[in-house]
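Descriptive analysis of the structure
The residues making up each chain are set out below.
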There are 2 protein chains.
Amino acid sequence: QLSLMARLSTLKDLPCETREGYRISLLGNIEFPSEAALCLDRGLEGVGLYRTEFLYLTRTDIPTEEEHYEAYREVTIAMGGRPVVMRTLDLGADKLSMIPQPEDENNPFLGLRSIRLALKHVDLFRTQLRAILRASVHGDVRIMFPLISNVLELRRARMVLADAMEDLEERGIAFDREIKVGMMVEVPSAVVMMDRFVEEVDFFSIGTNDLVQYALAVDRSNKDVAALYTSADPSVLRLVKMAIDAADAADKPISMCGQMSGAPLYTMLLIGLGLRTLSVTPAAALEVKRVCRSTTFEHCQSVAQRALELESARDVKTYLREELQRLLPDQPI
Amino acid sequence: QLSLMARLSTLKDLPCETREGYRISLLGNIEFPSEAALCLDRGLEGVGLYRTEFLYLTRTDIPTEEEHYEAYREVTIAMGGRPVVMRTLDLGADKLSMIPQPEDENNPFLGLRSIRLALKHVDLFRTQLRAILRASVHGDVRIMFPLISNVLELRRARMVLADAMEDLEERGIAFDREIKVGMMVEVPSAVVMMDRFVEEVDFFSIGTNDLVQYALAVDRSNKDVAALYTSADPSVLRLVKMAIDAADAADKPISMCGQMSGAPLYTMLLIGLGLRTLSVTPAAALEVKRVCRSTTFEHCQSVAQRALELESARDVKTYLREELQRLLPDQPI
Ligand SMILES: [Mg+2]
Ligand SMILES: [Mg+2]
């Protein structure tokens, strides 16, 4: 009898689809350029979330446009025409020693981080955007802004992008003028305002790690309240559904890239809620694909419907565990 | 010509109603027992939010049941049968030197505070609840739990309340067995799950200060992101409307007690969204009442409808300012 690992590896080149042939796009979350190879090795169809932070960490000076560009080009070329979604700077100020530090930030998760920090340090942001644009000639590059909480903030980010395009034009450097621009849905206000945001971007990715934190008002790294932090909370299921339904209504692609999307426990639920693209850590790719290939879309829908009726995260988890165990008794949860 | 203050004071004993006679209940937010008199002086119909934290502050030992009781009795008797909504402990651990401090709480607003802290220190919580129950024989006392984020948490709080009732029964002490129990709606998950919570409590109060913080992922005390913090954000308007609509659908009373409810700028909007009870700082009572008495419910509905169509907090504020200035040109905003 083959080990689970060996059996999973046979799935690598098979399509990610349910038993009746309903296709799911599986993309990878990566942090370092070298991980692009890992995505291909696991049969992933692209990079759904390229976290570009490593360029800023482990150093005290500002990364140059060339350094950004080299990293982005490497990933883009490695992915050979497959989509690569590059998320712009998503750090707290405390991680960037090259900029002035905010004093007394008591709640950094509710503070100057991510897109807010980028919009405060526009030069740094524009440098990154120029590099992403330059890499766009090498493949299917897309730009994604994190932590957007209102429409004006998104437009400000798009204006900095327009400035970066202008810079390149002046320098006579080629880039994809039709580059797709998306945003993360990870602040509750963004979910609530999806019908507005669909007019402003080309695609969405639900970031459950932060969304869960804000929706439940829980810092997931705080052990005193860790029990409250869970993607299985009924409110999270509803917020995810609200985001998907709003994107669907406007025919805008939406995916998910938090930890929830890479956990086989949630795969049937997420497909049933309507997600057709999941971005997962490459290590989880084959397990998620196996769930997809073992189930039907119809069953996923009934799982989602039932899960939405449950009143607590505990009940949701118990139910999803039972369903997964029934489907794949050997799947570790 | 009378000063604005003098004219406002003439409103004190007039009912809070719109021009066509649509009644709004105006209640007061207080912190100290002595402020009950202020509520009566401003013609308020009760206490919509009694913040009981002062008993825990400025001391290092645990307040006794008698100390709690004395404070609660004083307010209850002063209010002479009018409703008094007592909110249970709503502090962060950092404010309570009598309990062990959590180590390394990096994001205290997303941490061990409020009902979470109370449920971790059940003895302290139960002492407070016994005192509130004892005060209930002196008037119309109601209990309100803050920062509820899921249904099980609410049920745990109610279980501690049931224990406190049992304590009193064993001691043969009288209390209102039918005491009304409510919760604050201030975590996004609570808004999203309102249709569940309506089955679990007698009333709701929307706490906009925290709701805005979590919905927008902004610490309002952080000046670097203060510009993002505003009750006028379109997502906040929608969340408030969602909460009101869900409470209305279940015929459960809902009020609001954050800063938004005491700002005349928002009065027409909030009435138009369907709120019939506002709990305000006593200092704002007459200004809010004047808005109510100057407008019509129909106009408030059109203001709310228009505000909900706007795309940014800036537009909402501009619009509400224009409306208020048109209604009351001498009202400072
Ligand atoms: Mg995030
Ligand atoms: Mg609060």
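- Chain A goes by Phosphoenolpyruvate-protein phosphotransferase in an unreviewed UniProt entry, where it is assigned to Botrimarina hoheduenensis.
- Chain A has a UniProt comment under Cofactor (unreviewed entry) that states "Mg(2+)".

**Remarks on the overall build of chain A**
- In terms of helices and strands, chain A carries 14 helices and eight strands.
- At 20 Å, chain A has a C-alpha radius of gyration in line with the 20 Å of a compact globule built from 333 residues.
- Principal-axis analysis of the C-alpha atoms places the extent of chain A at approximately 60 × 40 × 40 Å.
- Put simply, chain A has 333 residues, and 61% of those count as buried.
- The long-range share in chain A, meaning contacts at least 24 apart out of those at least 6 apart in sequence, stands at 69%.
- For chain A, the computed accessible surface area is about 12,700 Å², with 49% contributed by carbon and sulfur atoms.
- If you average the places of the 39 positive and of the 49 negative side-chain charges in chain A, the two averages end up 4 Å apart.

**A short note on the UniProt feature "binding site: phosphoenolpyruvate" (unreviewed entry) in chain A**
Residue and element names in this part refer to chain A.
- Cross-referencing UniProt, the feature "binding site: phosphoenolpyruvate" (unreviewed entry) maps to Arg-51, Arg-87, Asn-209, Asp-210 and Arg-220 in the present numbering.
- Checked against the element boundaries, Asn-209 lands in helix α9 (residues 208-216).
- Excluding its chain neighbours within four sequence positions, the residues that come into contact with Asn-209 are Arg-220, Tyr-229, Gly-258 and Gln-259.
- Residue placement: Arg-220 occurs in the loop between α9 and α10 (234-249).

**Some points on the relation of the copies chain A and chain B**
- With an RMSD of 0.0 Å, chain A superimposes on chain B once it is rotated by 180° and translated 0.0 Å along the axis. Such a turn and shift between the copies fits a two-fold axis. Within chain A, the C-alpha atom positioned nearest to the axis of rotation is that of Asn107(A), 2.1 Å from it.
- A share of 100% of the interface residues of chain A reappears at the interface of chain B, consistent with the copies meeting face to face through the same patch.

**Considering the side chain of Asp167(B)**
Residue and element names in this part refer to chain B.
- Within the secondary structure, Asp-167 sits in helix α6 (residues 151-170).
- Of the polar contacts made by the side chain of Asp-167, one reaches the side chain of Arg-130; its length is 2.6 Å.
- Here Asp-167 is in contact with Arg-126 and Arg-130, once residues within four sequence places are set aside.

**What to know about the pattern of salt bridges**
- Under the defined criterion, the tally for this structure stands at 56 salt bridges over all chains.
- Linking Arg59(A) and Glu67(A) is a salt bridge whose minimum nitrogen-to-oxygen distance equals 3.1 Å.
- Looking at Glu67(A), the relative accessible area reads 33%, which means it is partly exposed.
- Its salt-bridge partner being Arg126(B), residue Asp167(B) comes within 2.9 Å of it at the nearest N-O pair. Placement of Asp167(B) in helix α6 and of Arg126(B) in helix α5 (residues 122-135) is noted, with a sequence separation of 41 residues between them.
- Asp167(B) sits in the buried class, given a relative accessible area of 13%.
- Linked through salt bridges whose partners overlap, the residues forming this network are Glu65(A), Glu66(A), Arg126(A), Arg130(A), Arg134(A), Asp163(A), Asp167(A) and Arg171(A).

**Describing the coordination of the magnesium ion (ligand 1)**
Residue and element names in this part refer to chain A.
- Taken together, Glu-186 (OE) and Asp-210 (OD) make up the protein donors of the magnesium ion (ligand 1), found 2.1 Å from the metal. Highlighted residues: Glu-186 in the loop between β5 (180-185) and α7 (188-192) and Asp-210 in helix α9, separated in sequence by 24 residues.
- A relative accessible area of 2% places Glu-186 in the buried class.
- By relative accessible area, Asp-210 is classed as buried at 10%.

**A few points about the side chain of Arg196(A)**
- With respect to the secondary-structure elements, Arg196(A) resides in helix α8 (residues 194-197).
- This buried residue, Arg196(A), is left without a salt bridge; Asp195(A) holds the nearest opposite charge, at 4.7 Å.
- Once residues within four sequence positions are removed from consideration, Arg196(A) is found in contact with Val151(A), Arg238(B), Leu308(B), Glu309(B), Leu310(B) and Glu311(B).

**Brief notes about the confidence of the model for chain A**
- With 100% of its residues at a pLDDT of at least 70, chain A reaches an overall mean of 96.
- The ipTM value of the predicted complex is 0.96, and its pTM value is 0.97.

**A few points about the packing of helix α5 (residues 122-135) of chain A against helix α6 (residues 151-170) of chain A**
All names here are of chain A.
- For the pair α5 and α6, interaxial distance at closest approach is 9 Å and the crossing angle is 60°. Between α5 and α6, the interaxial angle falls into the category oblique. For the pair α5 and α6, the sense of crossing is right-handed. Counting all contacts with α5, which are made through Val-122, Phe-125, Arg-126, Leu-129, Arg-130, Leu-133 and Arg-134, the residues of α6 involved are Ala-157, Val-160, Leu-161, Asp-163, Ala-164, Met-165, Asp-167 and Leu-168.
- The residue makeup of the contact of α5 with α6, split by class, is 10 nonpolar, no polar and five charged.

**Remarks on the interface of chain A and chain B**
- Taken together, the contacts link 48 residues of chain A with 48 residues of chain B.
- Across the chain A/chain B interface, buried area totals approximately 4,100 Å², and carbon plus sulfur atoms make up 53% of it.
- We note a salt bridge from Asp224(B) to Lys120(A), for which the minimum N-O separation is 3.3 Å.
- Our count for the contact surface shared by chain A and chain B stands at 26 residue pairs in polar contact (both at pLDDT 80 or more).
- If you list the elements that add at least two residues to the side of chain A that touches chain B, you get α4 (114-120), α6, α7, α8, α9, α10 and α13 (297-309) of chain A.
- When grouped by side-chain class, the residues that make up the side of chain A that touches chain B number 22 nonpolar, 10 polar and 16 charged.

**Here's the deal with the UniProt feature "binding site: Mg(2+)" (unreviewed entry) in chain A**
All names here are of chain A.
- Here, UniProt's "binding site: Mg(2+)" (unreviewed entry) annotation points to Glu-186 and Asp-210. These residues run over 25 residues, yet every pair of their C-alpha atoms falls within 5.5 Å of each other.
- What Asp-210 contacts, discounting residues up to four positions off in sequence, is Arg-113, Leu-147 and Glu-186.

**Description of the pairing of β5(A)**
Residues and elements named next belong to chain A.
- Most of β5 sits out of view: five of its six residues are buried.
- Where β5 and strand β6 (residues 203-206) come together, four bridges link them in parallel fashion. Note that in β6 the partner of Met-183 across the bridge is Phe-204.

**Let's talk about the environment of Ser189(A)**
- Residue placement: Ser189(A) occurs in helix α7.
- Ser189(A) gets classed as buried once you look at its relative accessible area, which sits at 0%.
- Considered as a pair, Ser189(A) and Asp248(A) are 59 residues apart in the sequence and their alpha carbons are 18 Å apart.
- Not counting chain neighbours up to four residues away, the residues in contact with Ser189(A) comprise Ser149(A), Ala215(B), Leu216(B) and Ser235(B).
- Here Ser149(A) takes part through its backbone oxygen, which lies 2.8 Å from a polar atom of the side chain of Ser189(A).

Definitions and limits used
The residue numbering used here restarts from 1 in each chain and proceeds along that chain's sequence as written. Numbering of ligands from 1 and lettering of chains from A proceed in the order in which they are written. This being a predicted model, a pLDDT of at least 70 is required before a residue's local features are given, and a value of 80 or more before pairs of side-chain atoms are given or counted; all residues contribute to the totals for chains, interfaces and linings. Based on all heavy atoms of the structure, the side-chain values leave hydrogens and waters out of the count. UniProt positions are given in the numbering used here, feature names are shortened, and annotations may be inferred rather than shown by experiment. Here a strand is any run of E in DSSP of at least two residues, a helix any run of H or I of at least four, and the numbering for each starts at the N terminus. In this treatment the radius of gyration is a C-alpha quantity, and the globule benchmark scales as 2.2 Å times the residue count to the 0.38 power. Whether a residue is buried, partly exposed or exposed follows from its accessible area with a 1.4 Å probe, protein chains only, as a fraction of its type maximum: under 20%, in between, or over 50%, in that order. Residue contacts follow a heavy-atom distance rule, with two residues in contact if any of their heavy atoms lie within 4.5 Å. Each accessible area is a Shrake-Rupley result for a 1.4 Å probe, and residues are judged covered by the shown protein chains and nothing else. A residue counts as positive if it is Lys or Arg and as negative if it is Asp or Glu; His and the chain ends are not included. Where a charge sits is defined by one atom per residue type, namely NZ (Lys), CZ (Arg), CG (Asp) or CD (Glu). Superposing the copies works by least squares over the C-alpha atoms of residues that have pLDDT at least 70 in both of them. Think of a polar contact as two N or O atoms within 3.5 Å of one another; within protein, one of them needs to be a possible hydrogen donor and the other a possible acceptor, and neighboring residues in sequence only count if both atoms come from side chains. A pair is scored as a salt bridge if a Lys or Arg side-chain nitrogen falls within 4 Å of a carboxyl oxygen belonging to Asp or Glu. Donor criterion used throughout: N, O or S atom within 2.8 Å of the metal, extended to 3.2 Å for Na, K and Ca. Water excluded; incomplete-looking sites may result. What pLDDT reports is the predictor's confidence in each residue, on a scale of 0 through 100. For helices, the axis comes from a line fit to the C-alpha atoms of the stretch in contact; other axes are also lines fit to C-alpha atoms, and the angle between any two N-to-C directions lies between 0 and 180 degrees. For classification purposes, an angle smaller than 35 degrees is called roughly parallel, one larger than 145 roughly antiparallel, one from 65 to 115 roughly perpendicular, and anything else oblique. Take the far helix as your reference; a near helix turned counterclockwise from it by less than a right angle gives a left-handed crossing, and one turned clockwise gives a right-handed crossing. Polarity classes work like this: nonpolar for Ala, Val, Leu, Ile, Met, Phe, Trp, Tyr, Cys and Pro, charged for Asp, Glu, Lys and Arg, and polar for all others, with Gly in that last group. Buried area is calculated as the accessible area (1.4 Å probe) missing from two parts once they are joined, with the contributions of both summed. Strands are labelled as partners when DSSP assigns at least two bridges between them.

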